[in-house]
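For reference, the chains in residue letters:
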Amino acid sequence: MKMFIKKVMPIFIVMSLIMSLPMNVFASSENENVNNISVKIDSGLQSVQAIFYPKSSTVTISEYDIICELRQLTNEELIDMGFSNEDISKIKNATRAQQTYGNVTYTISYSEMYRSGGNTYLTTKMTWDWSSEPSFLSTDIVAMTTSENFTKNSAYVKVNYYAYGNKNSTKTSEYGTVQTENSGKGVFYRITMGKEWDTINKKYKKVALSGEMETEWSVSGSISQVGIASNYGHSIVTLTPSVSFGGGYSISFTPEYRCVSGDEAYAKAYV
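Residues numbered from 1 in each chain as written. Predicted model: local features only at pLDDT ≥ 70, side-chain atom pairs only at ≥ 80, totals over all residues. Heavy atoms only, no water.

### Description of the confidence of the model for the protein
- Residues with a pLDDT of 70 or more make up 80% of the protein, whose mean pLDDT is 85.
- Contacts of residues 23-29 to residues separated by more than four positions or lying in other chains number 6 contacts, the stretch itself having pLDDT below 50. (pLDDT = per-residue confidence, 0-100. Contact = heavy atoms within 4.5 Å.)

### Describing the nonpolar core
- Counting residues in each nonpolar core, the largest one holds 38 residues, and the members touching the most others are L122, W128, I191, M213 and Y232.
- With 6 residues, strand 10 (residues 203-220) is the single largest residue contributor to this core.
- L70, I88, F136 and I236 belong to the second largest nonpolar core, which has 13 residues in total. (Core = buried A, V, L, I, M, F, W, Y, C linked by side-chain atoms within 4.5 Å. Buried < 20%, exposed > 50% of the residue type's maximum accessible area, 1.4 Å probe, protein only. Helix = DSSP H or I, 4+ residues; strand = E, 2+ residues; numbered from the N terminus.)

### Focus: the pairing of strand 11 (residues 225-235)
- Within strand 11, 10 of the 11 residues are buried, which leaves the element mostly enclosed by the surrounding structure.
- Taken together, the 6 bridges between strand 4 (residues 139-146) and strand 11 define a ladder with antiparallel strand orientation. Residue pairing in the sheet places I141 in a bridge with G233 of strand 11.
- Looking at chain direction, strand 11 and strand 15 (residues 265-270) are connected through 6 bridges and run antiparallel. The residue of strand 15 that forms the bridge with V226 is A269.
- Of the strand pairs in this sheet, strand 11 and strand 14 (residues 259-261) are connected by 3 bridges, and their pairing is antiparallel. Its bridge partner being in strand 14, G233 is matched across the sheet by S261. (Pairing = 2+ DSSP bridges.)

### A short note on the pattern of salt bridges
- All told, the structure shown has 8 salt bridges when counted by the stated rule.
- One salt bridge in this structure joins E86 and K90, with 3.9 Å as the shortest N-O distance. With a gap of 4 residues between them, E86 and K90 both fall in helix 5 (residues 85-92), about one helical turn apart.
- The class of E86 is exposed, set by a relative accessible area of 56%.
- A residue is classified by how much of its surface remains accessible, and K90, at 41% relative accessible area, is partly exposed.
- The salt bridge involving E212 is made with K125; its shortest N-O contact spans 3.7 Å. Here E212, found in strand 10, pairs with K125, found in strand 3 (residues 119-130); they are 87 residues apart in sequence, far enough to count as distant.
- The buried category is assigned to E212, whose relative accessible area is 17%. (Salt bridge = Lys/Arg side-chain N within 4 Å of Asp/Glu carboxyl O.)

Listed below in structure tokens is the structure:
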């Protein structure tokens, strides 16, 4: 029933907009009638798209919740998942107060989608932002994909580093090279979370707390709408994470239990 309602409601709204046209429209010339009705319908369709297909989506995951879930497991279970004794000690003995752990918020959005020369073009952007310095600073990973066979034409990624993990301190930005999987149908980037270890203060001088990745895509043929998605993988031990792009807009990271992610941030792009 819910799926039926979702499909019927946009049609119902558009028909309502058409029926609400003033009767004096039909007193004008034939061409003017057609133009006025066309403008009204186009405006109505755009309004429907804006309501049912927002141009962005946001997801937030909590490092504290991740650690709490792992703490409930026995050492034997954690070892079976691939954690070392040193990793387990860090998880079990983390003593930071809940409010001091970081939450990471990541988004997906698009700026344009259009058809030209028998192809469809799309530009998407992923952003991410930590509320505060995370407890585990290893290698995180960000990724984007689409629900169709769009492939990457070009892309850039920018990572913002903050002095000693303090968001109120000096920020420097670094650009990297976006990598691809599945013949360019998925893009990703591995983030070195901490740089330049301070041997005196026992902290990284530079900590990655935000950034953005933008990709220009294209596909052969005429596409009117497409699903777009992003995801963020947070490594809670020292490792090099990998990404997999499944059917549709699915994004997952491995090693599964040591590089943790939330649901995909998902939205729909339309011409």
